[in-house]
Amino acid sequence: MQDVIERTTNRPAPGPAEDAEREMLRCLTRLEVQLRRSYLESTRALVATVEARDVYTHQHSARVARLCRCIAQRLRLSAGQIECIVTAAMLHDIGKIGVPDAILNKPGPLTEDEFDFVKRHPAIGVEILGHTTYLQNELPLILHHHERADGSGYPGGLRGDEIPFGARILAVADALDTMVTRRSYKAPMAMKQVRRELVVGRGLQFDEAVADATLAWLDDPHDAQACAFRTTVTGG
């Protein structure tokens, strides 16, 4: 043991080369963070441009991102998992840049052909974002945020555990914001109806655990974010 202590104590101090290498690694890490931040900022600007085409979806992605954070925290996910889901939520509708305004702003129901066009937006989004290495964890969430627990969603028709868990959270948050906001084709739902939709959709449209966590969050009288959300909803 004494030999080990002596060898540790007598270890030579790092030389200039080692110091330079560590400093280079720190610089590269900072640069990576800065590049990712710059990329996300420019991409979010593109999302804002997409949402500006439809007055009803203005700030939709930001609201969905906040809901994702609240639901993911309720599910006790790690900080890294939460940030991945939140980033995916901010970018989930970027593929709608490829959908014509006439379809996005249509006041009535879509035709089958029009809906088929809309269903392409997750894949278009992944195609737009897929060239970067910064979002490899987020891309599957963006691609699959319209899958349904019963397998009737798109684009892959995945069901249950086949759907990435983050995409299941994003699906509920996306639907929740759509329920409570006015759209060209519908009025906002009251809170009682929102709760009913989440209960009825468990295991069909929504992952059961995510739906349950969302309901628990909505009804939590001590959660400031939930209280603030309820004040924006009729009958909340």
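These remarks concern the structure in this document. Keep in mind it's a predicted model, so treat the numbers as computed, not measured.

What counts as what
Residues numbered from 1 in each chain as written. Predicted model: local features only at pLDDT ≥ 70, side-chain atom pairs only at ≥ 80, totals over all residues. Heavy atoms only, no water. Helix = DSSP H or I, 4+ residues; strand = E, 2+ residues; numbered from the N terminus. Phe/Tyr/Trp six-rings, centres within 6.5 Å; stacked < 30°, edge-to-face > 60°. Buried < 20%, exposed > 50% of the residue type's maximum accessible area, 1.4 Å probe, protein only. Lys NZ or Arg CZ within 6 Å of the ring centre and 35° of its normal. Polar contact = N/O pair within 3.5 Å; in protein donor to acceptor, adjacent residues only side chain to side chain. Contact = heavy atoms within 4.5 Å.

### With respect to unusual backbone geometry
At step 1: In this model, Tyr154 is joined to Pro155 through a cis peptide bond whose omega is 5°.
At step 2: Here Pro155 shows up in the loop between helix 8 (139-143) and helix 9 (165-180).
At step 3: Its identity is not glycine, yet Arg76 carries a phi of approximately 60°, on the positive side.
At step 4: Examined against the element boundaries, Arg76 turns out to sit in the loop between helix 3 (60-74) and helix 4 (79-91).

### Brief notes about the packing of aromatic side chains
At step 1: Taken as a whole, this structure holds two aromatic pairs when the rule is applied.
At step 2: Relative to Tyr154, the ring of Phe115 has its centre 6.0 Å away and its plane inclined at 90°; by these criteria the two rings are edge-to-face. Of this pair, Phe115 sits in helix 6 (residues 112-118) while Tyr154 sits in the loop between helix 8 and helix 9, and the two are 39 residues apart along the sequence.
At step 3: Owing to a relative accessible area of 14%, Tyr154 belongs among the buried residues under this scheme.
At step 4: Look at Trp217 and Phe229: their rings are 5.7 Å apart centre to centre, the planes differ by 45°, and that puts the pair in the tilted class. A residue pair is termed long-range when its members are at least 10 positions apart, and Trp217 in helix 11 (residues 208-218) and Phe229 in helix 12 (residues 224-231) qualify at twelve residues. Each of the two residues, Trp217 as well as Phe229, counts as buried.
At step 5: Directly above the ring of Phe117 sits Arg120, whose terminal nitrogen or CZ lies 4.6 Å from the centroid.

### So, the side chain of Arg168
At step 1: The residue Arg168 is located in helix 9 in this model.
At step 2: With a relative accessible area of 12%, Arg168 lands in the buried category.
At step 3: Among the polar contacts made by the side chain of Arg168, one reaches the main-chain carbonyl oxygen of Ile163 at a distance of 2.9 Å.
At step 4: Setting aside chain neighbours within four positions, we find Arg168 in contact with Gly160, Asp161, Ile163, Asp207 and Val210.

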